[in-house]
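# Overview (structure and organization)
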Amino acid sequence: MKSVPTMFLATAAFFVLLGMIWGIQMSATGNHDLSPAHGHLNLVGFVTMSVMGIYYALTPAAAASKWAWPHYFLALGAVVILVPGIVMALTGKGEALAKAGSVLSVVSVVAFLAMILKFGFGNQK
Ligand code: HEM
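Residues numbered from 1 in each chain as written. Predicted model: local features only at pLDDT ≥ 70, side-chain atom pairs only at ≥ 80, totals over all residues. Heavy atoms only, no water.

## Section: the nonpolar core
Rules: Only buried Ala, Val, Leu, Ile, Met, Phe, Trp, Tyr and Cys residues count toward a nonpolar core, and they belong to the same one when joined by side-chain atoms within 4.5 Å. Burial classification: accessible surface area is computed with a 1.4 Å probe over protein chains only, and a residue below 20% of its type maximum counts as buried, one above 50% as exposed, and the rest as partly exposed. Numbered from the N terminus, helices here are DSSP runs of H or I no shorter than four residues, and strands are runs of E no shorter than two. Contact between two residues is taken to exist if any of their heavy atoms lie within 4.5 Å; hydrogens are not considered.
Ranked by internal contacts, the top residues of the largest apolar core, which has 23 residues, are Phe 8, Met 49, Tyr 55 and Tyr 56. Listed by contribution, the elements that provide at least two residues to this core are helix H1 (4-29), helix H2 (35-58), helix H4 (68-90) and helix H5 (96-119). Take this core: its biggest share by element is seven residues, from H4. Non-local contacts of Phe 8, meaning those with residues more than four positions away in its chain, are made with Met 49, Met 52, Gly 53, Tyr 56, Ala 68, His 71, Tyr 72 and Ala 75.

Laid out in structure tokens, this is it:
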């Protein structure tokens, strides 16, 4: 079983790989209609999850807490629901999934804030 920081960072790397392939596909076809979804995959999936992974790597008490894995799956679920939700919203197929993904994204960041306040950052209280 991989650790929480490793899973956050491996997932982030996977998302940016997908995001870059998507970006190249948009550039190659000249169709940028879905660029907001690409942007959110990279920023919520790669940048945000990387910052969280680095936080857990530097704060072992947070990574060892019972909240770390639920937070990982919350952050993962937020991206997996938000990005297709934005695609659906952009293509006129409804906004329900985007709304659900948005709420999950906010809850994930609230959980991140709670972790920082409870465990500090690294050895800083
Ligand atoms: C191989 C790498 C990448 C390629 C080829 C690529 C390509 C593109 C293209 C073609 C657009 C549309 C531009 C437009 O219509 O004006 C775009 C938008 C964007 N990209 Fe990327 N991208 C790449 C990586 C990234 C990464 C790593 C990030 C963030 C960490 C990122 C964030 C964004 C954002 C925020 C937008 C604007 C979204 C919007 O219009 O709402 N991209 N990208």
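What follows continues from the structure just given.
## A few points about the packing of H4 against H5
This is how it is decided: To obtain an axis, a line is fitted to C-alpha atoms, over the contacting stretch when the element is a helix, and the angle between two such axes runs from 0 to 180 degrees between their N-to-C directions. Each angle is binned into one of four classes, with values under 35 degrees roughly parallel, values over 145 roughly antiparallel, values of 65 to 115 roughly perpendicular, and all other values oblique. What makes a crossing left-handed is the near helix being turned counterclockwise from the far one by less than a right angle; a clockwise turn instead makes it right-handed. Three classes are used, and their members are as follows: Ala, Val, Leu, Ile, Met, Phe, Trp, Tyr, Cys and Pro are nonpolar, Asp, Glu, Lys and Arg are charged, and the others, Gly among them, are polar.
In contact at an axis separation of 7 Å, H4 and H5 are set at 150° when each is read in the N-to-C sense. Between H4 and H5, the angle is such that the two are roughly antiparallel. As H4 packs across H5, the resulting crossing turns out to be left-handed. Contacts from Ala 68, His 71, Leu 74, Ala 75, Gly 77, Ala 78, Ile 81, Leu 82, Pro 84, Gly 85, Ile 86 and Met 88 in H4 reach Leu 97, Ala 98, Ala 100, Gly 101, Ser 102, Leu 104, Ser 105, Val 107, Ser 108, Ala 111, Phe 112 and Met 115 in H5. In the contact of H4 with H5, the residues fall into 17 nonpolar, seven polar and no charged.

## A short note on H1
The following threshold applies: Given the number of residues in a helix, its expected span is that number minus one, multiplied by 1.5 Å.
In this model H1 runs 37 Å from its N-terminal to its C-terminal C-alpha over 26 residues, within 8% of the 38 Å that 1.5 Å per residue would give. Taken together, the buried positions of H1 are Val 4, Pro 5, Phe 8, Thr 11, Ala 12, Phe 15, Val 16, Gly 19, Trp 22, Gly 23 and Met 26. The secondary structure elements touched by the buried residues of H1 are H2, helix H3 (60-63) and H4. Just downstream of H1, Gly 30 is the residue with a positive phi angle, here 75°.

## Some thoughts on the site of the ligand
Inclusion rule: In this text, near means that some heavy atom of the residue lies within 4 Å of the molecule or strand in question. In the analysis that follows, any N or O atom pair within 3.5 Å is treated as a polar contact, provided that within protein one partner can donate a hydrogen and the other can accept it, and provided that, for residues neighboring in sequence, both atoms belong to side chains.
Taken together, 14 residues lie near the ligand, and Gly 23, His 32, Ser 35, His 38 and Asn 42 sit nearest. The contact in question runs from an oxygen atom of the ligand to an N or O atom on the side chain of His 32, over 2.8 Å. Within the side chain of Asn 42, a nitrogen or oxygen atom sits 3.2 Å from a nitrogen atom of the ligand. Among the elements of the structure, H1 and H2 are those that each provide at least two residues to the shell around the ligand. Here the shell around the ligand is composed, by residue class, of seven nonpolar, seven polar and no charged.

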